[in-house]
Amino acid sequence: QVRLVESGGGLVQAGGSLRLSCAASISIFSFNAMNWYRQAPGKERELVVGIPNTGSRNYADSVKGRFTVSRDNAKNTVYLQMNSLKPEDTAVYYCNAYRNVDDRDYWGQGTQVTVSS
């Protein structure tokens, strides 16, 4: 079974940092693309950063210069390093991946990030 498991969310003060992890049950090379999304209460789910297998990574304007994605292929894990956090970053963060072999999107369960002012 293909699974994405997120961790690393929590409560942090404005200006602080968190690192989110998305661990996949299969090789992350199996995915055509991986992405981080977030959804704040009362708002639409938005793309935080897209990670295509080819091409450049695309960060939302609201997080550019503060968030950075990285990957550990041996651990089948993608990370989202979040620095200089702001209260408006408060949201449930979701890991997403698309796999060509079954033409399907996969989602993690989401992890809550709360930034206090």
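Structure: above.
First things first, this report covers the structure right here in the doc. (Residues numbered from 1 in each chain as written. Predicted model: local features only at pLDDT ≥ 70, side-chain atom pairs only at ≥ 80, totals over all residues. Heavy atoms only, no water.)

**Considerations on the overall build of the protein chain**
Part 1 of the argument: The number of helices and strands found in the protein chain is zero helices and eleven strands.
Part 2 of the argument: Overall, the protein chain shows an N-to-C arrangement of helices and strands of β-β-β-β-β-β-β-β-β-β-β.
Part 3 of the argument: A compact globule built from 117 residues would reach a C-alpha radius of gyration of about 13 Å, and the protein chain, at 14 Å, matches this within 12%.
Part 4 of the argument: Scored against the burial criterion, the 117 residues of the protein chain give a buried share of 42%.
Part 5 of the argument: Contacts spanning at least 24 positions in sequence make up 54% of the contacts within the protein chain whose residues lie at least 6 apart. (Helix = DSSP H or I, 4+ residues; strand = E, 2+ residues; numbered from the N terminus. Rg over C-alpha atoms; globule rule 2.2 N^0.38 Å. Buried < 20%, exposed > 50% of the residue type's maximum accessible area, 1.4 Å probe, protein only. Contact = heavy atoms within 4.5 Å.)

**Observations concerning the sheet that holds strand 8 (residues 77-82)**
Within a beta sheet, neighbouring strands are joined by backbone hydrogen bonds and run either parallel or antiparallel to one another.
Part 1 of the argument: Reading across the sheet, the four strands line up as 1-3-8-7 and stay open at both edges, with antiparallel pairing between neighbours. Each edge of the sheet is formed by a strand with only one pairing partner; in this case those strands are strand 1 (4-7) and strand 7 (67-72). Sheet twist, expressed as the average angle between the axes of neighbouring strands with direction ignored, equals 20°. (Pairing = 2+ DSSP bridges. Axes fitted to C-alpha atoms, helices over the stretch in contact; angles between N-to-C directions.)

**Details of the state of the cysteines**
Part 1 of the argument: Applying the stated criterion to the full structure yields one disulfide.
Part 2 of the argument: Note on cysteine connectivity: Cys22 is disulfide-linked to Cys95, with sulfurs 2.0 Å apart. The disulfide joining Cys22 to Cys95 has a torsion of about -75° about its S-S bond and is therefore left-handed. With Cys22 in strand 3 (residues 18-24) and Cys95 in strand 9 (residues 91-99), the pair connects residues that are 73 residues apart, well separated along the chain.
Part 3 of the argument: Residue Cys95 is classed as buried on the basis of its relative accessible area, which comes to 1%. (Disulfide = S-S within 2.5 Å.)

None of the figures reported here should be taken as evidence of function without further support.
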